[in-house]
Amino acid sequence: MTRPNINPWLILAFAGGMAYPLLVYFGTTVLSPMLLVLIGLSLMSIRLFVMRQNADIKIWKIAFLIASFGLVGMLFLNAHMAVQAYPVVVSLSVASIFGLSLLYPPTMVERIARLMEPNLPPSGVIYTRRVTMVWTIFLLMNALISVATSIWGTLAQWTLWNGLISYLLMGMLFVGEIIVRRIVRQ
């Protein structure tokens, strides 16, 4: 079995997304909201660039384009809120992709699982459907908490959630799912 090539642009987009809350926290006093939003849009553009030739992920392209237009629209309505909207629109985009895959199978987690195990048994399809549901709910809750910290919290609370806690929870969910999968398979 060969390992898939890891695209350095995708790594840049992921690392930039993780660093974005810290950039906002430390940059709001010296950078304009427009520049910060443009950085967020650039990160989404990198994701779109990476996906440009893959027809299988057309829904990802659509979701990130909608998110990008949403950020631009918000920039004109309230530039300071637009700065903090980047994590929200990314979470909502990915949640919508995972959620739509529940309505139009195969689910996202099943597609990922089939990369490693092309002949996924019916029990695996049921399991991946449940995992897709869990990720969809997690991403929606992440977006909701991000909005709440943006509206009612301080910049420090927003940064703590979007720059650390949400990533720790994602990692715990990912590792927890691997552990549960191994238990279920035995």
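Residues numbered from 1 in each chain as written. Predicted model: local features only at pLDDT ≥ 70, side-chain atom pairs only at ≥ 80, totals over all residues. Heavy atoms only, no water.

1. Some thoughts on a nonpolar patch on the surface
This is how it is decided: Patch membership requires more than 30% relative accessible area and the absence of a salt bridge. Residues of like charge join within 9 Å; the nonpolar side chains Val, Leu, Ile, Met, Phe, Trp and Tyr join within 5 Å. Every accessible area reported is derived by Shrake-Rupley at a probe size of 1.4 Å, with residue values counting cover from the shown protein chains alone. Salt bridge, as used here: a side-chain nitrogen of Lys or Arg that lies within 4 Å of a carboxyl oxygen of Asp or Glu. Helix and strand assignments come from DSSP, with helices taken as H or I runs of at least 4 residues and strands as E runs of at least 2, each series counted from the N terminus.
Taken together, the side chains of Ile-59, Ile-62, Ile-66, Leu-100, Leu-103 and Tyr-104 define a hydrophobic patch exposed on the protein surface, amounting to about 600 Å² of accessible area. Looking at the nonpolar patch, the elements with two or more residues in it are α3 (58–77) and α4 (79–103). For the nonpolar patch, the leading source of residues is α3, giving three residues. In this fold, Tyr-104 is placed in the loop between α4 and α5 (108–116).

2. Side note on helix α7 (residues 155–185)
The condition is simple: Expected span, for any helix, means 1.5 Å times one less than how many residues it has. Bend is the name given here to the angle between axes fitted to two runs of seven residues, the run ending at a residue and the run starting at it. Summary of the burial criterion: residues with accessible area below 20% of their type's maximum are buried, those above 50% are exposed, and those between are partly exposed, where the area comes from a 1.4 Å probe applied to protein chains only. Any two residues whose heavy atoms approach within 4.5 Å at even a single point are treated as in contact.
For α7, which comprises 31 residues, the first-to-last C-alpha distance of 43 Å matches the rise-based estimate of 45 Å (1.5 Å per residue) to within 8%. The sharpest bend along α7 measures roughly 40° and falls at Trp-161. Residues of α7 that are buried: Trp-158, Thr-159, Trp-161, Asn-162, Ser-166 and Glu-177. Close packing links the buried residues of α7 with α1 (8–27), α4 and α6 (122–152).

3. Remarks on the environment of Glu-117
For the record, the criterion: What qualifies as a polar contact is a pair of N or O atoms within 3.5 Å, subject to a donor-acceptor requirement within protein and to the restriction that residues adjacent in sequence count only when both atoms come from side chains.
Tracing the sequence through the fold places Glu-117 in the loop between α5 and α6. A distance of 2.5 Å separates polar atoms of two side chains, one belonging to Glu-117 and the other to Arg-185.

4. A few points about α3
As a reminder of what qualifies: Throughout, the arc means the angular range of directions from the helix axis out to the C-beta atoms.
Its 20 residues place the ends of α3 29 Å apart at the C-alpha level, agreeing with the 28 Å of an ideal helix rising 1.5 Å per residue. Residues Trp-60, Lys-61, Ala-63, Phe-64, Ala-67, Ser-68, Leu-71 and Leu-75 constitute the buried set of α3. Seen along its axis, α3 keeps its buried residues to an arc of 165°; they face one direction. Across α3 from its buried face, at more than 90 degrees, point the exposed residues Lys-58, Ile-66, Phe-69, Phe-76 and Leu-77.

5. A look at the pattern of salt bridges
By the definition in use, this model includes three salt bridges. Salt-bridge contacts for Glu-110 lead to Arg-114; the nearest nitrogen and oxygen are separated by 2.9 Å. Remark: Arg-114 and Glu-110 occur in helix α5; sequence separation between them is four residues, near one turn of the helix.

6. Quick look at the side chain of Glu-110
Glu-110 gets classed as buried once you look at its relative accessible area, which sits at 8%. Sequence-distant contacts of Glu-110, that is, excluding residues within four places in its chain, are made with Leu-120, Val-125 and Thr-128.

7. Regarding the packing of α4 against α7
Our working rule: Throughout, an axis means a line fitted to C-alpha atoms (over the contacting stretch in the case of helices), and angles, computed between N-to-C directions, take values from 0 to 180 degrees. Should an angle fall under 35 degrees it is taken as roughly parallel, and over 145 as roughly antiparallel, whereas 65 to 115 is taken as roughly perpendicular and any remaining angle as oblique. Helix crossings fall into two classes, left-handed where the near helix is turned counterclockwise from the far one by less than a right angle and right-handed where it is turned clockwise. Each residue gets one of three labels, nonpolar for Ala, Val, Leu, Ile, Met, Phe, Trp, Tyr, Cys and Pro, charged for Asp, Glu, Lys and Arg, and polar for the others, Gly among them.
Two elements in contact, α4 and α7, have axes separated by 11 Å at closest approach and are oriented at 20°. It follows from the interaxial angle that α4 and α7 lie roughly parallel. For α4 against α7, the interelement crossing comes out left-handed. Each of Val-83, Gln-84 and Pro-87 in α4 lies in contact with α7, whose residues at this interface are Leu-155, Trp-158 and Asn-162. Among the residues making up the contact of α4 with α7, the classes are represented as four nonpolar, two polar and no charged.

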